[in-house]
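Observations on the model geometry
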Amino acid sequence: MNDNTEKSKPTIFYAKNSAPKKSSRSATEKSTGWKSKRKDDSFQSKPKRDRQDRIETFKPRNDKSDFIKNKFSVELNQSQSFIANDSPWQKRVRTNQQTPTFGYDGYRQQKEETLVYSENSCKAVFKHRRTAIVKLFITQEMAYQFKDIIDWLVKQRLGYDVVSSEQISKITQTQHHGGVCLIVKKRVPLTLLDYLEEQSDRDHDCVLAIDDVNNPHNLGGLIRSAAFYGVNGVMLRQTNLLDSGAAMRVAEGGIEAVEAIKSDDFVASLDMLKQRGYQIVALLPCQAKSIASSELHKIRFNKKVALVIFQQINMKLINCANVVVHLKGNDNMPALNISVATGILLSNLQK
């Protein structure tokens, strides 16, 4: 029994006050002379690679230009990663507590994309070129009216967000958005030669040549009238004006119904239209005594017509015209808005 009792007792270990590591180090130094070797090698026997790499990475450079280049590359990588994470193409399932995924800024709008807002403009984009749609932002109240677009976006695995009206105002930078906004790819304009080849089989055609009309509201009104009266093409020096969200909103979807034609030289373009049998008609913004013009009811239009519209009279374009027309007013109101006057001229042209 004494043997079993001794075996069942717990084993007790007593800690020593001496430091084994210190004694072992001194013993090692005495036996091998490691201490003197450590002084001679200057820590080269055991280099700390992580620490040395860290120091090398953040070591200041003498060349200032290299420092700027490295800093710029780091900022560029950070911005690209931020854009990739917050890209409007990504569709995210989120709760109401999370922030919306709109995040749209001018960086994404530089060359390839633009914003389209208002009900009729967005529906026109879906009707004529739905493949250009990138993303939809819509309020809960307007979701039912755009059910077809939302269903199509889901099938195409494209993103859409149901957001508040204030958030759409932040995206579009305007209060006149109608509760809906699209990010779409910009259209590629045609050259005049390509347009004439497309219209070569038609007996009737009308081209609206717009010069020096930069106000997006006037431009949108012109395009709306052109689409209403069946104009096939609109020629401008800067076709990117048609990508303005304000112009699209005023046009009420009319921009999607006409072809955009880019022309760097209006005089040469009008001469080309003349050679193809087009009648060049210039509309004066107001009556000018120094310019010979005719009243609207006295003009007979051809089957193919190119209407030249401008706010400031351009004599070079006047000299290219076959017919110059003005709308006669009175002393109280001698002239009309350019978009209204163009609508009146197009209505007579249709007759």
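Predicted, not measured: the structure shown is a model, and the values here were computed from it.

Helix and strand content of the protein: 14 helices and 12 strands. Out of the 351 residues belonging to the protein, those deemed buried represent 38%. Accessible area for the protein stands at about 23,000 Å²; split by element, carbon and sulfur atoms hold 49% of it.

This part covers the packing of aromatic side chains. The full count for this structure, using the stated rule, is two aromatic pairs. When the ring of Phe126 is compared with that of Trp152, the centres are 6.0 Å apart and the planes differ by 75°; the resulting orientation is edge-to-face. Of this pair, Phe126 sits in helix α6 (residues 119-128) while Trp152 sits in helix α7 (residues 147-155), and the two are 26 residues apart along the sequence. With a relative accessible area of 12%, Phe126 lands in the buried category. Overall, Trp152 belongs to the buried group, its relative accessible area being 15%. Both rings, one in Phe228 and one in Tyr229, keep their centres 4.9 Å apart while their planes meet at 85°; by these two values the pair is edge-to-face. Tyr229 sits in the partly exposed class, given a relative accessible area of 24%. Its end group placed over the ring of Phe126, Arg130 keeps NZ or CZ at 3.9 Å from the ring centre. Its end group placed over the ring of Phe266, Arg237 keeps NZ or CZ at 4.5 Å from the ring centre.

Let us now look at the pairing of strand β2 (residues 133-138). Burial analysis of β2 places six of its six residues in the buried class, which makes it a mostly covered element. Sheet topology note: the β2/strand β4 (residues 180-185) ladder contains five bridges and is antiparallel. Each residue of the ladder has a partner; that of Ile133, found in β4, is Val184. Judged from the four bridges that link them, β2 and strand β3 (residues 159-162) form a sheet pairing that is parallel. If you follow Phe137 over to β3, its bridge partner there is Asp161. As a crossover connection, the stretch from β2 through α7 into β3 is right-handed.

Turning next to the sheet that holds strand β8 (residues 259-262). Pairing is parallel in the open sheet, where eight strands are placed in the order β5-β8-β7-β6-β11-β9-β12-β10. Sheet topology places β5 (190-191) and β10 (294-295) at the edges, where each strand pairs with a single neighbour. Bridging between strand β6 (residues 205-211) and strand β7 (residues 233-236) involves three bridges; their strand directions are parallel. Considered in β7, the bridge of Val207 is made with Gly233. Sheet contacts for helix α10 (residues 216-228): β6, β7 and β11 (304-310); angle to β6, the most-contacted strand, approximately 175°.

This paragraph deals with the pairing of β7. Of the two faces of β7, the one holding Gly233 and Met235 and the one holding Val234 and Leu236 are both buried throughout. You can see the chain leave β6, run along α10 and come back into β7, and the turn it takes is right-handed. The pairing of β7 with β8 spans four bridges and is parallel. Residue pairing across strands places Met235 opposite Ile261, the latter belonging to β8. Note that the unit made of β7, helix α11 (residues 245-251) and β8 has a crossover that is right-handed.

Formed by 50 residues in total, the largest nonpolar core has its most connected members in Ile133, Leu136, Leu182, Leu208, Ile210, Ile223 and Leu307. Among the elements that make up this core, the one with the highest residue count is helix α14 (residues 338-350) (five residues). Those residues within four positions of Leu136 in sequence are excluded, and the remaining contacts are Ile149, Ile150, Leu153, Gly159, Tyr160, Asp161, Val180, Cys181 and Leu182. Listed in part, the 24 residues of the second largest apolar core include Val207, Phe266, Ala306 and Ile318.

Thresholds applied
Residues numbered from 1 in each chain as written. Predicted model: local features only at pLDDT ≥ 70, side-chain atom pairs only at ≥ 80, totals over all residues. Heavy atoms only, no water. Helix = DSSP H or I, 4+ residues; strand = E, 2+ residues; numbered from the N terminus. Buried < 20%, exposed > 50% of the residue type's maximum accessible area, 1.4 Å probe, protein only. Areas by Shrake-Rupley, 256 points an atom, 1.4 Å probe, with all protein chains shown as cover. Phe/Tyr/Trp six-rings, centres within 6.5 Å; stacked < 30°, edge-to-face > 60°. Lys NZ or Arg CZ within 6 Å of the ring centre and 35° of its normal. Pairing = 2+ DSSP bridges. Right-handed = clockwise from strand over helix to strand, strands pointing away. Contact = heavy atoms within 4.5 Å. Axes fitted to C-alpha atoms, helices over the stretch in contact; angles between N-to-C directions. Core = buried A, V, L, I, M, F, W, Y, C linked by side-chain atoms within 4.5 Å.

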